Amino acid sequence: MSEKRMLILDAETVEKIEENRGDMSVSEFIHFIIDSHLEQNIHPQQIDLITKDEFRQFEEGIKDLLRSFLEFFLSYGLELGKQPTDGELDKLSLKLQGLSKNYKTKKF
């Protein structure tokens, strides 16, 4: 027969156990929770997170891709002979410039 010990818990913790244990005894439930947590073997160092620098690089890459996309369609439209109005060309130019300015002035 296994040795028994007493564990003192906060009332809130006991309420959570009671709400979630279902048909298991309190001891079985706590044992199950500990085993399942240890099986997952999750440590804070192992969780995949990104740093601010990685996020900035990603953001810069997306903006570069968007800029290239807009430039491609602008030049593609010009090659097909469809002459955009000065207003359309100015709007696209401002958008391209805005992308680079927003990135340079944005601080994290």
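Bear in mind the structure is a predicted one, so any value in this text is a computation, not a measurement. For every chain, the first residue of the written sequence is number 1, and numbering continues from 1 onward in sequence order. The model is predicted, so local features are restricted to residues of pLDDT at least 70 and side-chain atom pairs to those at 80 or more, both for listing and for counting; the totals for chains, interfaces and linings are taken over all residues. Computation of side-chain values: all heavy atoms of the structure, hydrogens and water removed.

Moving on, we come to the overall build of the protein. Helix and strand assignments come from DSSP, with helices taken as H or I runs of at least 4 residues and strands as E runs of at least 2, each series counted from the N terminus. Helices and strands together make up the secondary structure of the protein, namely 4 helices and 0 strands. The helix and strand sequence of the protein, counted from the amino end, reads α-α-α-α. The classification of residues rests on relative accessible area computed with a 1.4 Å probe and restricted to protein chains. Under 20% of the type maximum is buried, over 50% is exposed, and intermediate values are partly exposed. Counting every position in the protein, which comprises 108 residues, the buried fraction comes to 6%. Working definition of accessibility: Shrake-Rupley area with a 1.4 Å probe, residue cover restricted to the visible protein chains. Total accessible area computed for the protein in this model is approximately 10100 Å², and 57% of it derives from carbon and sulfur atoms.

Here we come to a negative patch on the surface. Residues with no salt bridge and a relative accessible area higher than 30% make up the patches, which join like charges within 9 Å and nonpolar side chains (Val, Leu, Ile, Met, Phe, Trp, Tyr) within 5 Å. Salt bridges, as used here, are contacts in which a Lys or Arg side-chain nitrogen is within 4 Å of a carboxyl oxygen on Asp or Glu. Lys and Arg are tallied as positive, Asp and Glu as negative. Neither His nor the chain termini are counted. For the purpose of locating charges, the reference atoms are NZ of Lys, CZ of Arg, CG of Asp and CD of Glu. Residues D10, E12, E15 and E19 make up a contiguous surface patch of negative charge. Position of E15 relative to the elements: it lies in helix 1 (residues 11-20).

Here the focus is helix 1. Counting buried positions along helix 1 yields 1 of 10 residues, so the element is predominantly exposed. In the segment just after helix 1, G22 is the residue with positive phi, at about 65°.

These values are about where atoms sit, not about what they do.
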